[in-house]
Amino acid sequence: MKSIANISFIIFTLIYGSVSAQVEEVKDSVDVELYKIEGDSVYDTSITLNEVYVFAPLKFATKEEKLRYYILRRKTLKVYPYAKMAAEKLVVLNDSLKKIKKKSKKRKYTRQVHKEIEDQFSERLKKLTRTEGQILIKLINRQTGDTAFGLVKELRNGWRAFWYNTSAKFFKISIKAEYHPESVHEDYLIEDILQRAFAKGRLKEQPTVLNYNYTTLTNKWITKKKK
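Residues numbered from 1 in each chain as written. Predicted model: local features only at pLDDT ≥ 70, side-chain atom pairs only at ≥ 80, totals over all residues. Heavy atoms only, no water.

**Quick look at the overall build of the chain**
- Broken down by element type, the chain carries 9 helices and 4 strands.
- For the chain, the sequential pattern of α-helices and β-strands runs α-β-α-β-β-β-α-α-α-α-α-α-α.
- Taking all 227 residues of the chain together, 38% fall into the buried category.
- Taking as baseline every contact in the chain between residues at least 6 positions apart, the subset at least 24 positions apart corresponds to 72%.
- In the structure as shown, the chain presents an accessible area of about 14,500 Å², 53% of it carried by carbon and sulfur atoms. (Helix = DSSP H or I, 4+ residues; strand = E, 2+ residues; numbered from the N terminus. Buried < 20%, exposed > 50% of the residue type's maximum accessible area, 1.4 Å probe, protein only. Contact = heavy atoms within 4.5 Å. Areas by Shrake-Rupley, 256 points an atom, 1.4 Å probe, with all protein chains shown as cover.)

This is the structure in structure tokens:
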């Protein structure tokens, strides 16, 4: 199928060529080939390779469609690092809170994390446009599995002030917004932008906690577009 060929999901990479000199091949007593990668002490029957995406060239039906995509790309690349930071801070915060027994100390630590984030990013976040803010809210859902509203509700003390204050100018933004690339076309375009940026090294990838497959999404939207 052309749609699958356009965005082939390759289950091999150049890794084998680069490490072949470091792979030791042996045979055991029942004539089964085993491999040992340099630096590893265990022999195995196979070599695990990374998954690689091969992207089709971007094609647009109209100039307006092309313009919308590139505007969305600029905004997505701008706000993704903030969503990634939020997920990283949340993991650290939750891990630390589990080790703190007293509620007063938990509140104090949460406020401390909030202040660190606010000092580092607040001014830049306040300069985001409304659409950039909405993309950020969706990407927070992509990276954490929770909505910004859910995070505010769960981590009520510091995070409530942070998210409400920094999103005050975006009064039309829904902080309950979720990320659905399987059903919302703009969300799929955001995912496509991210995957291409990861592959080119423009963004450092932080895996999503949501359950979807990029190749499956691409084939679905290509088929839908043709219809």
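**Considering the nonpolar core**
- Counting residues in each nonpolar core, the largest one holds 37 residues, and the members touching the most others are Val-79, Tyr-82, Leu-136, Leu-139, Ile-190, Leu-194 and Leu-203.
- Listed by contribution, the elements that provide at least two residues to this core are α3 (63–99), α4 (103–126), α5 (130–144), α8 (185–200) and α9 (214–226).
- The residues touching Leu-194, leaving out its near neighbours within four places in the chain, are Thr-76, Tyr-80, Leu-139, Arg-142, Tyr-179 and Leu-203.
- Counting residues in hydrophobic clusters, the runner-up holds 5 residues, among them Ile-137, Ala-148, Ile-175 and Ala-177. (Core = buried A, V, L, I, M, F, W, Y, C linked by side-chain atoms within 4.5 Å.)

**A word on the layout of surface pockets**
- Each pocket or cavity is described by its volume, and for the largest pocket that value is around 920 Å³.
- What lines the largest pocket is a set of 31 residues, among which Lys-59, His-185, Tyr-188, Leu-189 and Lys-225 lie closest to the centre.
- When the residues that make up the lining of the largest pocket are grouped by side-chain class, the tally is 15 nonpolar, 5 polar and 11 charged. (1 Å grid on protein atoms, 1.4 Å probe; cavity = no way out; pocket = protein on both sides within 12 Å on 5 of 7 lines; lining within 4 Å. Points joined across faces, edges and corners; volume = space filled by probe spheres on them. Nonpolar A, V, L, I, M, F, W, Y, C, P; charged D, E, K, R; others polar.)

**Remarks on α3**
- In this model α3 runs 55 Å from its N-terminal to its C-terminal C-alpha over 37 residues, within 8% of the 54 Å that 1.5 Å per residue would give.
- In the structure, α3 departs most strongly from a straight axis at Val-79, where the bend amounts to approximately 35° and where the proline Pro-81 lies between one and four residues downstream. (Expected span 1.5 Å × (residues − 1). Bend = angle between axes of the 7 residues up to and from the residue.)

**So, the pattern of salt bridges**
- Counted under the stated rule, the structure contains 6 salt bridges.
- A salt bridge links Arg-142 to Glu-191, with the shortest nitrogen-to-oxygen separation between them at 2.9 Å. Of the two residues, Arg-142 is situated in helix α5 and Glu-191 in helix α8; the sequence distance between them amounts to 49 residues.
- Note that Asp-192 is salt-bridged to Arg-196, the shortest N-O span being 2.9 Å. Separated by 4 residues within a single helix, Asp-192 and Arg-196 lie in helix α8, roughly one turn from each other.
- When its relative accessible area of 5% is taken as the criterion, Asp-192 is described as buried.
- Look at Arg-196 and you get buried, because its relative accessible area is 18%. (Salt bridge = Lys/Arg side-chain N within 4 Å of Asp/Glu carboxyl O.)

**Here's the deal with the side chain of Glu-191**
- Of the residues examined, Glu-191 reaches a relative accessible area of 0% and is grouped as buried.
- A distance of 2.8 Å separates polar atoms of two side chains, one belonging to Glu-191 and the other to Tyr-179.
- Setting aside anything within four residues of it in sequence, one finds Glu-191 in contact with Arg-142, Tyr-179, Pro-181, Tyr-212 and Tyr-214. (Polar contact = N/O pair within 3.5 Å; in protein donor to acceptor, adjacent residues only side chain to side chain.)

**Overview of the environment of Val-54**
- Its location among the elements puts Val-54 in the loop between β4 (52–53) and α3.
- Put simply, Val-54 and Thr-215 are 161 residues apart on the chain and 10.0 Å apart in space, counted from C-alpha to C-alpha.

**Observations regarding the packing of α3 against α5**
- The interhelical angle for the contact between α3 and α5, taken along N-to-C directions, is 45°, at an axis separation of 8 Å. Judged by the inter-axis angle, α3 sits oblique to α5. Considering only the axes of α3 and α5, their crossing is right-handed.
- For the contact of α3 with α5, the per-class residue count stands at 12 nonpolar, 4 polar and 6 charged. (Axes fitted to C-alpha atoms, helices over the stretch in contact; angles between N-to-C directions. Parallel < 35°, antiparallel > 145°, perpendicular 65-115°, else oblique. Left-handed = near helix turned anticlockwise from the far one by under 90°.)

**A few points about the packing of α5 against α8**
- Contact geometry for α5 and α8: axes closest at 12 Å, N-to-C directions at 70°. Here α8 runs roughly perpendicular to α5, going by the angle between their axes. Contact with α5, carried on its side by Ile-135, Lys-138, Leu-139 and Arg-142, involves Glu-186, Asp-187, Ile-190, Glu-191, Leu-194, Gln-195 and Phe-198 of α8 and no other residues of that element.
- Considered class by class, the residues forming the contact of α5 with α8 number 5 nonpolar, 1 polar and 5 charged.

**Things to note about α8**
- Taking 1.5 Å as the rise per residue, α8 with 16 residues should run 22 Å; its terminal C-alpha atoms sit 23 Å apart, in good agreement.
- Among the residues of α8, those classed as buried are Asp-187, Tyr-188, Leu-189, Ile-190, Glu-191, Asp-192, Ile-193, Leu-194, Gln-195, Arg-196, Ala-197 and Phe-198.
- Phi for Gly-201, located one or two positions after α8, is positive at around 80°.

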